[in-house]
Amino acid sequence: MKPVLALLVALCFVGTTDAQVQIPSRTIFDSQLKPPKSFNEFRAEYDEAEARKLQLKQQFEALRAARAQADIAESQARRAAQEDRNRQAPVAAAPPPKNSEQDDQAMREWLKAAGPRLHLFPDFDKVVYANDVSITIEMIRLMAGSPYAADIAYYFGTHKTESLAVSQMPLLEAARAVSAIEARVKK
């Protein structure tokens, strides 16, 4: 095969002088080839890629944290707006509940427990029996078992929002709250 190739090359140059024949020193493919990279060059590229990856991860975490903060702020704003609406909404006067014999018994037990300490609070009736103090019959039953029943009731009269919160709790949570208040007023 080599002799044939040599013959073809010779035929191409028949009738030409050496000055007319220009053989390029490099082929077109040689100009596109890059020298092989060294280990240090590969390592530098890898380190740059890892640094960029870390930077992108940090940006993502910062965006996630900002989104979480925005969600919390939005939730707090919604809750505050709802509380404002609840505060501004007119409260319909509910008809006084009919006392059952059990409710009357609970009231008597509470008065018996609160009696010895009522003298400590000169404005007890004004504070505890005010219209905006929320004390349910269940709360009265819970306070009746304590020797500090008057103190707890007075606490509810002076802390109306806490009184309202306890009045809306399930019985077990309300019992825990009343016990915690009893511990505070004992001191």
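Since the structure is predicted, the reported quantities are computational estimates derived from the model, not experimental observations.

## Things to note about the nonpolar core
Point 1. Grouped together as the largest cluster of nonpolar side chains are 24 residues, with contacts concentrated most on W110, F124, M143, I152, F156 and V166.
Point 2. For this core, the secondary structure elements donating two or more residues are α4 (101-114), α5 (124-128), α6 (137-144), α7 (149-158) and α9 (171-186).
Point 3. Broken down by element, this core gets its largest block of residues, 7 residues, from α7.
Point 4. Not counting chain neighbours up to four residues away, the residues in contact with I152 comprise M143, S146, V178, I181, E182 and V185.

## Some details on the pattern of salt bridges
Working definition: two side chains of opposite charge can pair if their charged atoms are close together.
Point 1. Throughout the structure, instances matching the rule amount to 8 salt bridges.
Point 2. Across the pair R117 and D151 runs a salt bridge, and its minimum N-O distance is 2.6 Å. Of this pair, R117 sits in the loop between α4 and α5 while D151 sits in helix α7, and the two are 34 residues apart along the sequence.
Point 3. Owing to a relative accessible area of 25%, R117 belongs among the partly exposed residues under this scheme.
Point 4. Its relative accessible area of 8% is what places D151 among the buried residues.
Point 5. Linking D132 and K160 is a salt bridge whose minimum nitrogen-to-oxygen distance equals 4.0 Å. One end of the pair, D132, is in the loop between α5 and α6; the other, K160, is in helix α8 (residues 160-167), with 28 residues separating them in the sequence.

Criteria and thresholds
The residue numbering used here restarts from 1 in each chain and proceeds along that chain's sequence as written. Local features in this predicted model are restricted to residues whose pLDDT is 70 or higher, and side-chain atom pairs enter the listing and the counts only when it is 80 or higher, whereas totals over whole chains, interfaces and linings include all residues. Only hydrogens and water are set aside; all other atoms, that is, all heavy atoms of the structure, feed into the side-chain values. The set of buried Ala, Val, Leu, Ile, Met, Phe, Trp, Tyr and Cys residues whose side-chain atoms join them within 4.5 Å is what this entry labels a nonpolar core. Think of it in three bands: residues with accessible area under 20% of the maximum for their type are buried, residues over 50% are exposed, and the middle band is partly exposed, with areas taken using a 1.4 Å probe on protein chains only. The helix and strand labels rest on DSSP assignments: H or I over at least four residues marks a helix, E over at least two residues marks a strand, and numbering proceeds from the N terminus. Throughout, a residue-residue contact means that at least one pair of heavy atoms, one from each residue, lies within 4.5 Å. Definition used for salt bridges: Asp or Glu carboxyl oxygen within 4 Å of a side-chain nitrogen of Lys or Arg.

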